Amino acid sequence: MTYTKIVGTGRYLPERILTNFDLEKMVDTTDEWIRTRTGVERRHVVAAEQTTSDMCVEAAKIAIDDAGIKVTDIDMVLVGTTSPDLIFPNCATLVQHRLGIPACPAIGMEAACTSFIYALTTADKFIKAGEAKCALVIGAECISKLVDWTDRNTCVLFGDGAGAVIVRPSEEPGIVATHLGADGQYKDLLYYPVGASKDLHKAGTDQASIMMTGNEVFKVAVKTLGNVATEVLAKAGIHQDELDWLVPHQANIRIIQATAKRLDLPLEKVILTVQDHGNTSAASVPMALDVGRRDGRIKPGQLVLMEAFGGGFTWGSVLLRM
Ligand code: COA
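Reading guide: rules and limits
- Residues numbered from 1 in each chain as written.
- Predicted model: local features only at pLDDT ≥ 70, side-chain atom pairs only at ≥ 80, totals over all residues.
- Heavy atoms only, no water.
- Helix = DSSP H or I, 4+ residues; strand = E, 2+ residues; numbered from the N terminus.
- Rg over C-alpha atoms; globule rule 2.2 N^0.38 Å.
- Buried < 20%, exposed > 50% of the residue type's maximum accessible area, 1.4 Å probe, protein only.
- Contact = heavy atoms within 4.5 Å.
- Areas by Shrake-Rupley, 256 points an atom, 1.4 Å probe, with all protein chains shown as cover.
- Lys, Arg positive; Asp, Glu negative; His and termini not counted.
- Charge placed at Lys NZ, Arg CZ, Asp CG, Glu CD.
- Patch = residues over 30% accessible without salt bridge, like charges linked within 9 Å, V, L, I, M, F, W, Y side chains within 5 Å.
- Salt bridge = Lys/Arg side-chain N within 4 Å of Asp/Glu carboxyl O.
- Phe/Tyr/Trp six-rings, centres within 6.5 Å; stacked < 30°, edge-to-face > 60°.
- Near = heavy atom within 4 Å.
- Polar contact = N/O pair within 3.5 Å; in protein donor to acceptor, adjacent residues only side chain to side chain.
- Nonpolar A, V, L, I, M, F, W, Y, C, P; charged D, E, K, R; others polar.

Observations concerning the overall build of the protein chain
Part 1 of the reasoning: Secondary structure assignment for the protein chain yields 10 helices and 13 strands.
Part 2 of the reasoning: The C-alpha atoms of the protein chain give a radius of gyration of 18 Å, which matches the 20 Å a tight globule of 322 residues would have.
Part 3 of the reasoning: Referenced to the eigenvectors of the C-alpha coordinate spread, the extents of the protein chain come out at roughly 55 × 45 × 35 Å.
Part 4 of the reasoning: Every one of the 322 residues in the protein chain was classed for burial, and the buried ones make up 55%.
Part 5 of the reasoning: Of all intrachain contacts in the protein chain linking residues separated by at least 6 positions in sequence, the fraction that spans at least 24 positions is 77%.
Part 6 of the reasoning: In the form shown here, the protein chain has an accessible surface area of approximately 13600 Å², with 52% of it arising from carbon and sulfur atoms.
Part 7 of the reasoning: If you average the places of the 32 positive and of the 39 negative side-chain charges in the protein chain, the two averages end up 2 Å apart.

Rendered as structure tokens:
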């Protein structure tokens, strides 16, 4: 049987760091409120001229180097993002060209914070079908450019970054199970009000920003993420006790704690980056995976559960052996 194996990872975080204390000077908030309600202490924010594809390219170079492959080995590029440089061409196409990757499928995936999990799951299916031999899969986000920096309800939560993985076919596991879902009935709880075919040129739309009913999002996220984790374990016939690591979407420490509790996992088995990165949407899971691998906690052969939840709502999980 062919499995899809992660053979390299990388991440890029913009240079500029915005701490909670910096935010105290911008909106009516406190470090204490942000830390206790969300777990976030600081986040990275792009420079004005920096774009999502800029961050993707940097994260991808590190993952390519880590995997010990050449750009010419890559035969598929997937970029999960909600903040692409352009409406078209898609971000994956820009990344493919900038890295000098030969002509191949270049797919943009948009599922809000779940975009990377959607992209990795898609790559897994192509690899298992024999349609791809080496895929570059990225989750990246310039979410700071979608945020109203005068709205304390949202601006304290988010950050920018990019995480990349290289996946290849392997006889050894590998991704053992995936699970994706969505329910559009919740679209009004978390959304961006302007798009290519809606109000793009209407006066005042340059003032548009993320709209969120935070406490309602919180409740659905806690319920859904618990289910997402247990469903993928059931699909693989694996008991939660066998898990070595949970690599969750880093939206809020309290949501992560609730998911870990549902899995009976101590927080020592959870890779946490929310304190340093904030919620980087599509970038949060691949960046957390890279953090855990590079600091030596996540080791080859260990069982890892990645999961995410985002606007739509969308959700998904990937269970894999490193
Ligand atoms: N600083 C200080 N006070 C703030 C604040 C801030 N940055 N943001 C909101 N508040 C205030 C509110 O105005 C409200 O005040 P009020 O009681 O006087 O009306 C109070 O804090 C409580 O607001 P509430 O929204 O009920 O707080 P909460 O405990 O639900 O925490 C979130 C707010 C946003 C942190 C939390 O709901 C959350 O994390 N939700 C999920 C968001 C998310 O993950 N989105 C992305 C999903 S991928």
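Describing a nonpolar patch on the surface
Part 1 of the reasoning: On the surface, Ile87, Phe88 and Leu200 cluster together to form a nonpolar patch covering roughly 340 Å² of accessible area.
Part 2 of the reasoning: Among the structural elements, Ile87 can be located in the loop between β4 (76–80) and α4 (91–99).

Points about the packing of aromatic side chains
Part 1 of the reasoning: Applying the stated criterion across every chain yields a total of 2 aromatic pairs.
Part 2 of the reasoning: With 5.1 Å between their ring centres and 25° between their planes, Tyr186 and Phe313 make a pair best called stacked. Residue Tyr186 is located in the loop between β8 (175–182) and β9 (190–191), and its partner Phe313 is located in the loop between β12 (303–310) and β13 (314–321); the two are separated by 127 residues in the primary sequence.
Part 3 of the reasoning: Overall, Tyr186 belongs to the partly exposed group, its relative accessible area being 24%.
Part 4 of the reasoning: With 4.6 Å between their ring centres and 40° between their planes, Phe309 and Phe313 make a pair best called tilted. Side by side, Phe309 and Phe313 carry an identical accessibility label, which is buried.
Part 5 of the reasoning: An aromatic cluster is built from Tyr186, Phe309 and Phe313, whose rings are joined through pairwise contacts.

Structural notes on the site of the ligand
Part 1 of the reasoning: In the neighbourhood of the ligand, 23 residues make up the surrounding shell, with Thr29, Arg37, Arg152, Gly214 and Asn252 lying closest.
Part 2 of the reasoning: At 2.9 Å, a backbone N or O of Gly214 approaches a nitrogen atom of the ligand.
Part 3 of the reasoning: A distance of 2.7 Å separates an oxygen atom of the ligand from a polar atom in the side chain of Asn252.
Part 4 of the reasoning: The fraction of the free accessible surface of the ligand (960 Å²) that becomes covered by protein chains is 73%.
Part 5 of the reasoning: Only α2 (31–38), α6 (152–155), α7 (214–236), α8 (253–262) and β12 provide two or more residues apiece to the shell around the ligand.
Part 6 of the reasoning: The element that contributes the greatest number of residues to the shell around the ligand is α7, accounting for 4 residues.
Part 7 of the reasoning: Among the residues making up the shell around the ligand, the classes are represented as 10 nonpolar, 9 polar and 4 charged.

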